[in-house]
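Chain by chain, the residues:
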Amino acid sequence: MAEFQLIAHRGYPSRYPENTLVGFEQSIAVGARYLEADLQFSAQATPYLFHDRELDRLCGRAGQIHRLSDAQLSHCHPGYPSRFGDRFSDIDLLSLEAMVELLRRHPQVSLFLELKRTMTQVLSPSKSVARILPLLQEVRPQVILISFSIQLLQQARRQGWQRVAPVLTRWYQLAHREVLALEPEWVFLNRLRVPLGVGPGPKQGVPIVLYESSDIAQARQLADRGFHWLETDSIGEMLAAQRKSYEPEPYPRGGV
């Protein structure tokens, strides 16, 4: 059975609101070694972990995170009310500083931090990267910057950040000159974009992270095809199922 690594996609969103401190803490508590999170700016260029451009799905109110001040965002609670009701109604947006502190307490954990393209609507690509890199220095070995924006990753490399991974939208982009020039440690791709029956192949030297699946049978099938990294919304259940699959079957009792 081929082995594979699991990444906690936005924390533990099947059980806790995504990109929140409680979600990441619980992911680590159940054994996650790899986390994935999304980063955006407020209108004041304060970095927060948040996925959507709009606030309505997670916060239950109108607005866009990059157009609101920090004071306005202090009243936004990403508790995902349509899924969790009022259970997490008092939860706060997670700052990058708080995420860094969590990583500092858990040096065994690595973070794939996605730089969202909305950042460049607040600052230029170069200034966006310059804004966040000093905040990450203390946990530099633990953080891999990922993005759909090749330009943001190019800026990160120019400013001395070596660990980068582009998020691709098509399979053929694996061979793009700009992607190869980044010398990425990983590349990310939606699993639905993988051609049927195709695997990485012997010439694919960079690991491919697929997203997202919470189906252990599907994860095993992908691993058998050569895809050994997978993001999941159900990190606890997937890790438990993975461990169970590696346990040796007990010998039958009695004689033959």
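First, a word on scope: everything that follows refers to the structure included in this document. This one's a predicted model, so the numbers in the text were calculated from it and none came from an experiment.

**Topic: the packing of helix α5 (residues 96–105) against helix α6 (residues 125–136)**
Closest axis-to-axis distance for the α5/α6 pair is 10 Å, and the angle between their directions is 30 degrees. The angle between the axes of α5 and α6 places the two elements in the roughly parallel class. In this structure, α5 crosses over α6, and the sense of that crossing is right-handed. Taken together, the residues of α6 that come into contact with α5 (itself represented by Leu96, Glu97 and Val100) are Ile132, Leu135 and Leu136. Broken down by class, the residue content of the contact of α5 with α6 amounts to 5 nonpolar, no polar and 1 charged.

**Regarding the nonpolar core**
One broad trend across soluble globular proteins is that nonpolar side chains are buried collectively. Ranked by internal contacts, the top residues of the largest apolar core, which has 70 residues, are Leu35, Leu113, Ile132, Leu136 and Leu145. A per-element tally of this core places α5 first, with 5 residues. If sequence neighbours within four positions are ignored, Leu113 has contacts with Ala37, Leu39, Leu96, Leu136, Val143, Ile144, Leu145 and Ile146. If you look at the next biggest cluster of nonpolar residues, it comprises 12 residues, including Phe112, Ile144, Ala165 and Val209.

**Quick notes on helix α10 (residues 235–246)**
The end-to-end C-alpha distance of α10 is 17 Å, a good match for the 16 Å that 12 residues give at a rise of 1.5 Å each. Residues of α10 that are buried make contact with β1 (5–9), α1 (21–29), α9 (216–224) and β10 (229–232).

**A short note on the packing of aromatic side chains**
Evaluation of the coordinates by the stated rule reveals 10 aromatic pairs. Arranged with centres 6.2 Å apart and planes meeting at 80 degrees, the rings of Tyr80 and Phe84 form a pair that is edge-to-face. Through pairs of rings, three or more aromatic residues link up here, namely Tyr12, Tyr16, Tyr80, Phe84 and Phe88. Geometry around Tyr80 places Arg57 over its ring, the cationic atom sitting 5.0 Å from the centre.

**Focus: the environment of Tyr16**
Turning to its location among the elements, Tyr16 is positioned in the loop between β1 and α1. What makes Tyr16 buried here is its relative accessible area of 15%. Along the primary structure Tyr16 and Ser234 are separated by 218 residues, whereas in three dimensions their C-alpha atoms are 9.9 Å apart. Apart from the residues lying within four places of it in its own chain, the contact partners of Tyr16 are Val22, Gly23, Gln26, Phe84, Arg87 and Phe88.

**A word on the side chain of Ser27**
Structurally, Ser27 can be placed in helix α1. Leaving out residues up to four positions away in the same chain, Ser27 has contacts with Ala8, Gly11, Tyr12, Ala32, Leu35 and Ile235.

**With respect to the pattern of salt bridges**
In total, this model carries 13 salt bridges according to the counting rule given. Between Arg104 and Glu101 there is a salt bridge whose closest N-O contact spans 2.7 Å. A residue pair is termed a helical-turn pair when its members lie 3 or 4 positions apart in one helix, as Arg104 and Glu101 do in helix α5 at 3 residues. The exposure class of Glu101 is partly exposed, given its relative accessible area of 30%.

**Quick notes on the side chain of Glu114**
Counting through the fold element by element, Glu114 comes out in strand β5 (residues 110–115). Looking at Glu114, its side chain comes within polar contact range of the side chain of Lys116, at 3.2 Å. Every residue in contact with Glu114, bar those within four places of it in the chain, is listed here: Glu36, Ala37, Asp38, Leu39, Ile146, Ser147 and Phe148.

**Observations concerning the state of the cysteines**
According to the stated counting rule, one finds 0 disulfides in the structure shown. We note that Cys59 lacks a disulfide partner, and the nearest cysteine sulfur, in Cys76, lies 5.0 Å from it. By relative accessible area, Cys59 is classed as buried at 12%. Taking relative accessible area as the criterion, Cys76 reaches 1% and is therefore assigned buried.

**Some details on the pairing of strand β8 (residues 187–190)**
Pairing of strand β7 (residues 164–168) with β8, which is carried by 2 bridges, proceeds in the parallel orientation. Paired with Leu168 across the strands is Leu189, a residue of β8.

**Considering unusual backbone geometry**
Cis geometry marks the peptide bond from Tyr211 to Glu212; its omega dihedral reads -20 degrees. Tracing the chain through its elements places Glu212 in the loop between β9 (208–211) and α9. The residue Asn19 is not glycine, and still its phi comes out positive at about 55 degrees. By the element assignment, Asn19 lies in the loop between β1 and α1. The buried category is assigned to Asn19, whose relative accessible area is 2%.

The rules behind each value
- Residues numbered from 1 in each chain as written.
- Predicted model: local features only at pLDDT ≥ 70, side-chain atom pairs only at ≥ 80, totals over all residues.
- Heavy atoms only, no water.
- Axes fitted to C-alpha atoms, helices over the stretch in contact; angles between N-to-C directions.
- Helix = DSSP H or I, 4+ residues; strand = E, 2+ residues; numbered from the N terminus.
- Parallel < 35°, antiparallel > 145°, perpendicular 65-115°, else oblique.
- Left-handed = near helix turned anticlockwise from the far one by under 90°.
- Contact = heavy atoms within 4.5 Å.
- Nonpolar A, V, L, I, M, F, W, Y, C, P; charged D, E, K, R; others polar.
- Core = buried A, V, L, I, M, F, W, Y, C linked by side-chain atoms within 4.5 Å.
- Buried < 20%, exposed > 50% of the residue type's maximum accessible area, 1.4 Å probe, protein only.
- Expected span 1.5 Å × (residues − 1).
- Phe/Tyr/Trp six-rings, centres within 6.5 Å; stacked < 30°, edge-to-face > 60°.
- Lys NZ or Arg CZ within 6 Å of the ring centre and 35° of its normal.
- Salt bridge = Lys/Arg side-chain N within 4 Å of Asp/Glu carboxyl O.
- Polar contact = N/O pair within 3.5 Å; in protein donor to acceptor, adjacent residues only side chain to side chain.
- Disulfide = S-S within 2.5 Å.
- Pairing = 2+ DSSP bridges.

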